[in-house]
Amino acid sequence: MLAPGFADPVHDAQGTFRAVMDALARPGLVRPLAPFLAPPAPLTPELAAVALALTDADTPVWLDPALAEAADVAAYLRFHTGAPLTDDPARAAFALVRESRRCPPLGRFALGTPAYPDTSTTLVLALDTITDGQGLSLSGPGVRGTVRVAPGPLPDGFAAQCAENRADFPLGVDLILTAPGRVAGLPRSTTVTEA
């Protein structure tokens, strides 16, 4: 039996959308995200909420191996979003990553084009925690001074990958970081260094 989506599709999607947009507008600001979903494992409620709120039939989605191996996850996403699934990260509008440590390098995803930088991939990572404090130091648009945030676990060399991603601005990927009950954003315009 297929797991249900949002109990109140309009308001729940709006609430998730607002939390994600606030997080991307203010990098490093950890926002609450309580989707009250029970998607098929290993899809987390937060990954599911972002997918249900932001993807549709026009947004190809790439699933990391942990998610792609679960047939129930693909069926859930196809039914609730209509989003086509792709095996090629460079063709994805969104990428859902359950095992963040094993995320492919950011450069393997769509970076957009000079004429259409908005055709890049948005990565949505499932993390164990996102807290304020030591870990990453963020600066740039939407950040007053410097913000410190501690998301984890992250892929090896994550700050260096973010620096390479930012070097090609306005090209590059945007990242949405999720953890149980939380969401934070790292848009391509953010300078990320290890704190």
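Residues numbered from 1 in each chain as written. Predicted model: local features only at pLDDT ≥ 70, side-chain atom pairs only at ≥ 80, totals over all residues. Heavy atoms only, no water.

## Here we look at the overall build of the chain
Then comes step 1: What the chain contains, in helices and strands, is five helices and ten strands.
Then comes step 2: Relative to the globule expectation of 16 Å for 195 residues, the C-alpha radius of gyration of the chain, 16 Å, shows essentially globular dimensions.
Then comes step 3: Its C-alpha atoms give the chain principal-axis dimensions of about 50 × 30 × 30 Å.
Then comes step 4: Taken over 195 residues, the chain has a buried fraction of 50%.
Then comes step 5: A sequence separation of at least 24 residues applies to 70% of the contacts in the chain between residues at least 6 apart.
Then comes step 6: By element, 54% of the accessible surface of the chain is carried by carbon and sulfur atoms, the whole surface being about 9,300 Å².
Then comes step 7: Computed over 14 positive and 20 negative side-chain charges, the separation of the two mean positions in the chain equals 7 Å. (Helix = DSSP H or I, 4+ residues; strand = E, 2+ residues; numbered from the N terminus. Rg over C-alpha atoms; globule rule 2.2 N^0.38 Å. Buried < 20%, exposed > 50% of the residue type's maximum accessible area, 1.4 Å probe, protein only. Contact = heavy atoms within 4.5 Å. Areas by Shrake-Rupley, 256 points an atom, 1.4 Å probe, with all protein chains shown as cover. Lys, Arg positive; Asp, Glu negative; His and termini not counted. Charge placed at Lys NZ, Arg CZ, Asp CG, Glu CD.)

## Observations regarding the nonpolar core
Proteins that are soluble and globular tend to have nonpolar side chains buried together.
Then comes step 1: Counting 31 residues, the largest nonpolar core has Leu43, Tyr76, Leu77, Leu96 and Ile176 as the members making the most contacts within it.
Then comes step 2: Counting residues per element, the ones that place at least two in this core are α1 (9-25), α2 (45-54), β2 (61-63), α4 (71-81), β4 (94-97) and β5 (122-126).
Then comes step 3: Broken down by element, the residue count for this core peaks at seven residues, all from α2.
Then comes step 4: Ignoring any residue separated from it by four or fewer positions in sequence, one finds Tyr76 in contact with Leu2, Ala3, Pro4, Gly5, Leu37, Pro39, Pro40, Leu43, Ala48 and Leu52. (Core = buried A, V, L, I, M, F, W, Y, C linked by side-chain atoms within 4.5 Å.)

## Structural notes on the pattern of salt bridges
Then comes step 1: For the structure on display, the rule yields four salt bridges.
Then comes step 2: Residue Asp22 is joined to Arg31 by a salt bridge in which the shortest nitrogen-to-oxygen separation is 3.5 Å.
Then comes step 3: Judged by relative accessible area, Asp22 falls into the partly exposed class, the value being 30%.
Then comes step 4: Taking the shortest distance from any N to any O, the salt bridge between Asp156 and Arg101 comes out at 3.7 Å. In this pair, Asp156 sits in the loop between β7 (147-152) and α5 (158-167) while Arg101 sits in the loop between β4 and β5, placing the two residues 55 residues apart along the sequence. Arg101 matches Asp156 in its accessibility class, with the two residues each being exposed. (Salt bridge = Lys/Arg side-chain N within 4 Å of Asp/Glu carboxyl O.)

## Looking at the packing of aromatic side chains
Then comes step 1: For the structure shown, the criterion picks out one aromatic pair.
Then comes step 2: A centroid spacing of 5.5 Å and a plane angle of 80° characterise the contact between Trp62 and Phe109, whose relative ring orientation is edge-to-face. Of this pair, Trp62 sits in strand β2 while Phe109 sits in the loop between β4 and β5, placing them 47 residues apart in sequence. Comparing Trp62 with Phe109, the two get one shared label, buried. (Phe/Tyr/Trp six-rings, centres within 6.5 Å; stacked < 30°, edge-to-face > 60°.)

## Things to note about the sheet that holds strand β1 (residues 31-32)
Then comes step 1: Spatially, β1-β9-β8-β5-β4-β2-β3 is the arrangement adopted by the seven strands of the open sheet, whose pairing is mixed. Either end of the sheet is taken by a strand with one partner, and the two such strands are β1 and β3 (85-86).
Then comes step 2: Where strand β8 (residues 174-179) lies against strand β9 (residues 182-186), five bridges are found, and the strand directions are antiparallel. From the neighbouring strand, Ala179 faces β9, where its bridge partner is Arg182.
Then comes step 3: Strands β4, β5, β8 and β9 of the sheet are contacted by α2, whose axis makes an angle of about 135° with β8. (Pairing = 2+ DSSP bridges. Axes fitted to C-alpha atoms, helices over the stretch in contact; angles between N-to-C directions.)

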